[in-house]
Amino acid sequence: MNYLIRFSQSHETFRLPEIQSLALIEGIDMKVIFYSLESPFCVVNLPSPDAAARLIRRSILAMSIHELWGSGPDLSAVHAAVQATTRHLWSRYMICSFKFTIDSYQGSRSAEDKVRIINSFAYLGFAGPIQMRRPDEEFILFEDWEFNSTPLGIPDPKYYYFGRYLASGARDLPKKLDLKKRRYISTTSMDAELALVTANLVLAVPGKVIYDPFVGTGSFPIACAQFGALTFGSDIDGRSIRGDEKKRTLRANFEQYGLLAGLGGMFTADLTNSPIRRAELRYDGDGVTGRLFDGIVCDPPYGVREGLRVLGVRDPEKCPWVIPKGKEMYKNPDFIPPRKPYSFLAMLDSILQFSAQTLVDNGRLSFWMPTANDQNQEIPVPKHPYLEIVSVCTQTFNKWSRRLITYRRIPDREVDQEAMKAREEMKPVGKTADELNPFRKAYFSKFEPVDGGFNDAP
Amino acid sequence: MKVLTLNFLSCAVKSCKSSSDSFPLHPKDAELVSDDVELNQQLLVNLLPRIDWNALRTTSTELGFPQLPEQPPTAEELQADAKMLKDLHTLLMETQINEGKLVCGHCGHEYAVREGIANFLLPSHLV
């Protein structure tokens, strides 16, 4: 049977990948019949009403799901469809309490019109009591109107859907994890809604192990732990994990939400010198050695609000004393190792390589990366022969946007060996933050057109 | 940090990665604390293939826990063995290293653990 998903009309490019990830998590065979970025209505085929409820129970972007009784460009088409296909269902709702509502997207109806339309469904013959609060069943007529229909004086919507309410999504979760009420956040904490969507895309479920190599104040691990996963994280700046070492710490955030069971371990480390054990990539690996994580999720620093740095000295010739001094001092507990700016593209490549080494087969990597909206300055989606792109979701700002890119770790034997051989190590040149990071450079030059653009940048 | 985390971590120095002595790291002057965590059987079974059993045996002995069997249990054995589940849960999930050091058996580098957070940053001559 077909079911209607009522989405929120926001984060449009994230909605379908989220629902598809949830179908995978719940093991539900789902076929998408209708989906459009311009519409909050999506029609899917599912095996049962129970599967429909399970499908969206942890969805952040779907508001509700309904058993679809009929749809069409006008009311008579809806009535014809309902009468033709659902007659056998009517008797089930003869005596239960019920209510009828109209949900108009981008439009409105007068109260008289609503009553008139609802009464046109009288042939269903429901004889039970009408109850506006907590009825046994709720029937909703959805109307999809043209944008701006009221001022334009458009009399009728362009499409109707009629269905029986089944279940709601998890749109209360972003409120629970709202950054405004979180004890400890920083300038780069990911907002709760998108962190939860990311957790859905990375398939965070109870018993799975998720790692965030740029953990900051823990937005992603918290979202993943909310869905029952065990989370690990690291950051090159240990202060972001420790916070004030009293009430405002990463651990305190987990405590605030009662998620301590999902806090695996947090440590200070640099991804390019990571202590995480792993095996070199092979084409005939055993699929076990070094495969630690079911998911890797991160929002690496772009170099705009947060500098992108790794361990090392920027210019050893200019400051030859730094390395010997470090050699002398490094055992001092207060020693802070020198760090140097790093290429953003090289960092993305390090993330892919690390993920290929440490993800289990079919494990997922979801990470955020920024790009300019101008096509000449656009940063291409990074690729790796061990990782298959699952989805690319985009959140657009004025002159730039950020993408959430999700990959699946494919089994060793499916890897394209030629592509792996052809894959050249990226050799970043330049020493300053701008030279290394085309996005940062474009951001601070306000995305003015430049000769060449990103593709010629290191 | 949980003892489980220790099983995921080797020395961060690149030239140590090829040496078998760089894993597991050896706790030194470790101050242990215990967190009360609810036992999650599904999680332990899922973790089992990712745990380096020999390394875990070493760590367990070094931290003063009873000796683990030589071979890891299979998923079925673990699910059927309530005592093994409890023991592994206590060791991996509840026991935390709060203060102390983690020492590489190859290069001898010591990584400090402070308030449960280990620091794996390296000075420039080791990068």
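Structure shown above.
Residues numbered from 1 in each chain as written. Chains lettered and ligands numbered in written order. Predicted model: local features only at pLDDT ≥ 70, side-chain atom pairs only at ≥ 80, totals over all residues. Heavy atoms only, no water.

Draft legend 1. Quick peek at the nonpolar core. One finds Phe293 of chain A together with Leu102 of chain B to be the most contacted residues of the largest nonpolar core, which totals 77 residues. In terms of residue count, the dominant contributor to this core is helix α13 (residues 344-358) of chain A (8 residues). Once residues within four sequence positions are removed from consideration, Leu102 of chain B is found in contact with Met1, Leu6, Leu25, His26, Pro27, Ile97, His109, Glu110, Tyr111, Val113, Ala118 and Phe120 of chain B. (Core = buried A, V, L, I, M, F, W, Y, C linked by side-chain atoms within 4.5 Å. Buried < 20%, exposed > 50% of the residue type's maximum accessible area, 1.4 Å probe, protein only. Helix = DSSP H or I, 4+ residues; strand = E, 2+ residues; numbered from the N terminus. Contact = heavy atoms within 4.5 Å.)

Draft legend 2. Fine view of the interface of chain B and chain A. Contacts between the two partners involve 38 residues from chain B and, on the opposite side, 43 residues from chain A. Buried surface at the junction of chain B and chain A, summed over both partners, amounts to about 3300 Å²; 59% is from carbon and sulfur atoms. In this structure, the connection of chain B to chain A is made through 3 salt bridges. Notably, a salt bridge pairs Arg251 of chain A with Asp35 of chain B, separated by 3.4 Å at the nearest N-O pair. In this structure, the connection of chain B to chain A is made through 19 residue pairs in polar contact (both at pLDDT 80 or more). For the side of chain B that touches chain A, the secondary-structure elements that each account for two or more residues are α1 (3-6), α2 (41-47) and β4 (117-119) of chain B. (Buried area = accessible area lost by both parts, 1.4 Å probe. Salt bridge = Lys/Arg side-chain N within 4 Å of Asp/Glu carboxyl O. Polar contact = N/O pair within 3.5 Å; in protein donor to acceptor, adjacent residues only side chain to side chain.)

Draft legend 3. Spatial organisation of the sheet that holds strand β4 (residues 62-72) of chain A. All names here are of chain A. In space, the 7 strands of this open sheet follow the order β2-β3-β1-β4-β7-β6-β5, with mixed pairing throughout. Every interior strand has two partners, whereas the edge strands, β2 (31-34) and β5 (98-105), have only one. Taken pair by pair, the neighbouring strands of this sheet meet at an average axis angle of 35°, ignoring direction. One ladder, built from 5 bridges, connects strand β1 (residues 2-7) with β4; its direction is antiparallel. Of the residues in β4, the one forming a bridge with Tyr3 is Glu67. (Pairing = 2+ DSSP bridges. Axes fitted to C-alpha atoms, helices over the stretch in contact; angles between N-to-C directions.)

Draft legend 4. A look at the pattern of salt bridges. All names here are of chain A. In this structure the tally under the stated criterion is 25 salt bridges over all chains. Residue Arg6 is joined to Asp103 by a salt bridge in which the shortest nitrogen-to-oxygen separation is 3.1 Å. With Arg6 in strand β1 and Asp103 in strand β5, the pair connects residues that are 97 residues apart, well separated along the chain. We classify Arg6 as buried; its relative accessible area is 10%. When the shortest N-O distance is used, the salt bridge between Asp156 and Arg109 registers 3.6 Å. You can see Asp156 sitting in the loop between α6 (149-152) and β7 (159-168) and its partner Arg109 sitting in the loop between β5 and α5 (111-119), a full 47 residues away along the chain. Given a relative accessible area of 42%, Asp156 falls into the partly exposed group. A single salt-bridge network, built from bridges that share partners, covers Glu26, Asp50, Arg54 and Arg57.

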